[in-house]
Amino acid sequence: MAGKLMANTAHLSLFILRLDRIRAPLWLLGLTFFTIVVPIAFSEMYGSQQERDVMAQTMVNPAMTAMVGPGDLENYTLGAMTAHQMLLMTAVVVGLMSILLVSRHTRADEEEGRLEMIRSLPTGRLSYLNSAFIVITGICAVLALINGFGLYALGFESMDLEGSLLYGAALGAAGLFFAGVTAVFAQLTETSRGTVGYSIALLLMAYLIRAITDVTDESLSWLSPLGWVTKAEVYSANNWMPIVLMIVVSALLYALANYLNAIRDLESGFLPSKPGRRYASRFLQSPLGLALRLQKTGTIAWAIGMYVLGASYGSILGDLESFFSNNEMMKQLLQTKEGLTLTEQFIPMLMIVISLMATVPPVMAMNKLCGEEKKERIIHLLGRAVSRTELLGSYLGIAVINGFLMISLAAFGLWSAGTAAIEEGLSFGMIYGAALSYYPAMLVMISAAVSLIGYFPKLTSLIWLYVFYSFVVLYFGSLFRFSDWIGNLSPFGHVPQAPVEEFSIMPLIVLSIISVALSLLGFIGFNKRDIEN
Amino acid sequence: MSVIQVKNLTKNFGKAHILKGIDLEVTKGEVLGFIGPNGAGKSTTIKVLLGILKATGGEVRIFGKDAWSDAVEIHKKVAYVPGDVNLWPNLTGGEVIDLFLKLNGTKNKARREELIQKFDLDPTKKCRTYSKGNRQKVALVAAFSSDADLYILDEPTSGLDPLMEKVFQECVMDVKRQGKSVLLSSHILSEVEKLCDRVSIIRQGKIIETGSLSELRHLTRTQMLVETKQPIIGLNEIKGIYDLQENEQGLSFQADSEQIDGVIKHISQFGILKFVSSPPTLEDLFMRHYEGSEGTAAGGKH
């Protein structure tokens, strides 16, 4: 019987492996690269124990514990530092890899009707699911081994063979666990979107529960599978038990997925797929409402991300002075100026990064219009009583507000975490003012995207090149000592860097005028051109 | 009164001349069939009518207004169904229909419900899960529940089953009875024959034939099969006879429609036992034009 259920599993495993022949190696390569490159970077930046102890000092606060988990701060060797700062984050990414790879070969293949074809061949009912398991287990095993031996091969004293193998095993086990989770959700939900959605939700929940319990009561962190990763205490206590637990639970999840698969019909699920709305809400009934609705999820995710970005920068502000006094590269990046604390001098540099990051979601919101055009959905609107000006205006309006929201949230995150971390507190006005002075430059970027949409609809992605250029020349400008005009080619180069530079309103007014002009040009172009198809 | 008036419309994409002087007219209360092979320029013409593409030359007027500059004003009274209906995967069919109706400024809930019933559509499903036919139904329900004076339908039934096609035909006849105008681009010739008052045939960016079906039938030949007591002689001397063949059932040939009178007079002398005549179908018309006088026509060759 078992033979019948599993017929041709070996063939199918090879087939899946072939389907993933590019995807899987890319994941492995990327993950391994980051695992290996970080301790090398650390060994150069924090070569001495003294420097690492300073770093450990900056880590003693709840915000950092919530973010990267607990670590062996008493004995902050190179290994302990790597495990503390990298292992949990990498495990989350490995979890993501498993979710994406497994959902592709379970519910996605089933939803698209490919599994039906395979089941019509002489294969067993459970063959394809277990082939997917075999492949992902293999990928996780390879990941564990190359990361483990790779770290050991670096030859750092504090990174011994056992610790290194445990590090790799923790990553592999996290991969197995989320493969199991995804496979179970693939049985429960009817769509691959649902499978991925629920699995990622569980991954985030696991991270969040661990963050909260790590700060409040560490013993409760056993509730979260991601807590098990930090409980392994890699490169210090080298505790194998949590990893074994993780593998056992993964095996149970595999078994559960098999059981659920065996008792259900093809293309059905256990969670009821709830019917959607029969009527459109009042909100949806305009081009503006439609555009907002289509971007809702993405905007919320970016908004949370911007707050977290701001907050994570803010949380390190407290220990900045001690941190920077030990870091040569950072000293070079910062322009030293009398009468300002290092923290205050650091703010302009943070603002460049934050404002450029905050430029990404509004530009995406703008370029979404091109996506709609390419997918020939814009025609439903323009074919009805909707003018091109109204359509483009809706997207521009959303992008402008989106950008304001993003930079504000990031500034608020920076201030709220920073003021908690610094004894004397941070002035909200100073932070928010410094952030908002970048808003006109962001508007120029958005308007440049509008112009591209108006005249060169095929080249709209060029705007990303401009954003990237701005980042490189402004972030590394002082390090590489670029001439001024190189930075001035970017709108972000004209923003007065408060509080280091004298604040002046003129450049901001000029940037605003430029952005209005670029937008107007875009509207003229969009009203004149053919819609692409 | 003409609802659509197109005069000498040209459209170039770069160096490619897609439309080379289109003339088209749809009058009030008329259903115009717009037929032609793939790539002839049907969809391009329709997109110019909708103001989505800008004409390179010529004049395009709908309700007497310019199709490009007065697009929004015109579209308040236009319902359009594209051939490839692409919808937003995360909205339900019902949401899309409501959105479309709202954008056209109409609110006819009873009609919407009736059509959803007739087309047998589940409006609570996400568009992601709809088949091509179901996506077309969404567009059709939205179009026919709107309060339009002109319906522009671009191969609207290519994904529908025969039952739904019938529902569609009823919808078209309904709006026609209400004195509204329809431009129906289609490949399904039986549908065009059933619904349309006139047809325009487009090929390689030019309108090669326009007229009512009965007018166009003059341009084609009637298929005949006769069996007579005495063998027919002298038939090939008569003008307008083609493809003469003798087989077990009798003599089969095609006759030019204008020549039928003379042909029948001639063969009746020989004592007719059996006479079968089939009228030219749109297919014949279509094929004759598509296969073309020049050898450059696309497809359809035997």
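Residues numbered from 1 in each chain as written. Chains lettered and ligands numbered in written order. Predicted model: local features only at pLDDT ≥ 70, side-chain atom pairs only at ≥ 80, totals over all residues. Heavy atoms only, no water.

An unreviewed UniProt entry lists chain B under the name ABC-2 type transport system ATP-binding protein, from Cytobacillus oceanisediminis. As its UniProt record puts it under Sequence similarities (unreviewed entry), chain B is described as follows: "Belongs to the ABC transporter superfamily." (UniProt positions renumbered as here; feature names shortened; annotations may be inferred.)

As annotated in an unreviewed UniProt entry, chain A carries the name ABC-2 type transport system permease protein and is attributed to Cytobacillus oceanisediminis.

Engineer: Would you mind going over the overall build of chain A in detail, with residue names and values included?
Structural biologist: Of the regular secondary structure elements, chain A holds 24 helices and zero strands. For chain A, the C-alpha radius of gyration of 26 Å lies close to 24 Å, the compact-globule estimate for 533 residues. C-alpha extents for chain A along the principal axes are approximately 80 × 70 × 35 Å. Sorting the 533 residues of chain A into buried and exposed places 51% on the buried side. Put simply, 76% of the contacts in chain A that link residues at least 6 apart link residues at least 24 apart. (Helix = DSSP H or I, 4+ residues; strand = E, 2+ residues; numbered from the N terminus. Rg over C-alpha atoms; globule rule 2.2 N^0.38 Å. Buried < 20%, exposed > 50% of the residue type's maximum accessible area, 1.4 Å probe, protein only. Contact = heavy atoms within 4.5 Å.)

Engineer: A description of the domain arrangement of chain A should follow, citing residues and the corresponding values.
Structural biologist: When the parts of a complex come together, some accessible area is lost, and that lost area is often used as the size of the interface. Looking at the assigned domains, one finds that chain A contains domain 1 (7-262) and domain 2 (286-528). A C-alpha centroid distance of 33 Å is found between domain 1 of chain A and domain 2 of chain A. (Domains from an automatic or database assignment.)

Engineer: Lay out the pattern of salt bridges in plain terms, naming residues and giving numbers.
Structural biologist: In this structure the tally under the stated criterion is 24 salt bridges over all chains. Across the salt bridge formed by Arg529 of chain A and Glu373 of chain A, the nearest N and O atoms sit 2.8 Å from each other. Taken together, the residues span a long stretch of sequence, with Arg529 of chain A in the segment after α24 (506-528) and Glu373 of chain A in helix α16 (residues 342-374) at a distance of 156 residues. The exposure class of Arg529 of chain A is buried, given its relative accessible area of 10%. The exposure class of Glu373 of chain A is buried, given its relative accessible area of 2%. Glu59 of chain B is the salt-bridge partner of Arg61 of chain B, the closest N and O atoms lying 2.9 Å from each other. Linked by salt bridges that have partners in common, Arg107, Glu110 and Arg264 of chain A make up one network. (Salt bridge = Lys/Arg side-chain N within 4 Å of Asp/Glu carboxyl O.)

Engineer: Any details on the sheet that holds strand β8 (residues 181-185) of chain B? Residues and values, ideally.
Structural biologist: Sheets are built from strands that pair by backbone hydrogen bonding, the pairs being arranged parallel or antiparallel. Residue and element names in this part refer to chain B. In space, the six strands of this open sheet follow the order β6-β7-β8-β3-β9-β10, with mixed pairing throughout. A single partner strand is all that each edge strand has here, and the edge strands are β6 (78-81) and β10 (206-212). Geometrically, the sheet is characterised by an average inter-axis angle of 15° between neighbouring strands, direction not taken into account. Where strand β9 (residues 198-203) and β10 come together, six bridges link them in antiparallel fashion. For Arg203, the partnering residue across the bridge sits in β10 and is Lys206. (Pairing = 2+ DSSP bridges. Axes fitted to C-alpha atoms, helices over the stretch in contact; angles between N-to-C directions.)

Engineer: So what about the layout of surface pockets? Which residues, and what values?
Structural biologist: Left-over empty space is what a probe sized like a water molecule reveals as it rolls over the atoms. The space that makes up the largest pocket amounts to roughly 1600 Å³. Considering the residues around the largest pocket, the lining is formed by 44 residues, among which Thr191 and Arg193 of chain A together with Asn90, Lys126 and Arg128 of chain B are closest to the centre. Among the elements of the structure, α6 (78-111), α10 (192-216), α13 (287-317) and α16 of chain A are those that each provide at least two residues to the lining of the largest pocket. Per-element accounting of the lining of the largest pocket gives the leading share, eight residues, to α13 of chain A. The residue makeup of the lining of the largest pocket, split by class, is 11 nonpolar, 14 polar and 19 charged. (1 Å grid on protein atoms, 1.4 Å probe; cavity = no way out; pocket = protein on both sides within 12 Å on 5 of 7 lines; lining within 4 Å. Points joined across faces, edges and corners; volume = space filled by probe spheres on them. Nonpolar A, V, L, I, M, F, W, Y, C, P; charged D, E, K, R; others polar.)

Engineer: An account of the sheet that holds strand β5 (residues 65-66) of chain B is needed here, citing residue identities and associated values.
Structural biologist: All names here are of chain B. Spatially, four strands are ordered β2-β1-β4-β5 in an open sheet, and the strand pairing comes out antiparallel. The open sheet has two edge strands with one neighbour each: β2 (16-27) and β5. Its contacts with the sheet put helix α1 (residues 42-49) on β1 (2-13), β2 and β4 (57-62), and the angle it makes with β1 is roughly 115°.

Engineer: Kindly report on a nonpolar patch on the surface, identifying the contributing residues and their values.
Structural biologist: Residues and elements named next belong to chain A. Together, Tyr455, Phe456, Leu459, Leu462, Leu465, Leu521 and Ile524 make up a nonpolar patch on the protein surface, roughly 670 Å² of accessible area in all. Among the secondary structure elements, those contributing two or more residues to the nonpolar patch are α21 (462-475) and α24. According to the relative accessible area criterion, Tyr455 is partly exposed, its value standing at 39%. (Patch = residues over 30% accessible without salt bridge, like charges linked within 9 Å, V, L, I, M, F, W, Y side chains within 5 Å. Areas by Shrake-Rupley, 256 points an atom, 1.4 Å probe, with all protein chains shown as cover.)

Engineer: Describe the nonpolar core, and please don't skip the residues or the numbers.
Structural biologist: Grouped together as the largest cluster of nonpolar side chains are 148 residues, with contacts concentrated most on Met366 of chain A together with Phe144 of chain B. Looking at this core element by element, the count peaks at 15 residues for α16 of chain A. Ranked by size, the runner-up nonpolar core spans 70 residues in total, among them Ala56, Leu115, Val135 and Tyr167 of chain A. (Core = buried A, V, L, I, M, F, W, Y, C linked by side-chain atoms within 4.5 Å.)

Engineer: Summarise the interface of chain A and chain B; cite the residues concerned and give the values.
Structural biologist: Listed by partner, the interface residues are 34 residues for chain A and 38 residues for chain B. Here chain A meets chain B over a buried area of about 3500 Å², counting both sides, of which 57% is carbon and sulfur. The interface formed by chain A and chain B contains 18 residue pairs in polar contact (both at pLDDT 80 or more). Elements represented by at least two residues in the side of chain A that touches chain B include exactly α13, α17 (378-382) and α24 of chain A. (Buried area = accessible area lost by both parts, 1.4 Å probe. Polar contact = N/O pair within 3.5 Å; in protein donor to acceptor, adjacent residues only side chain to side chain.)

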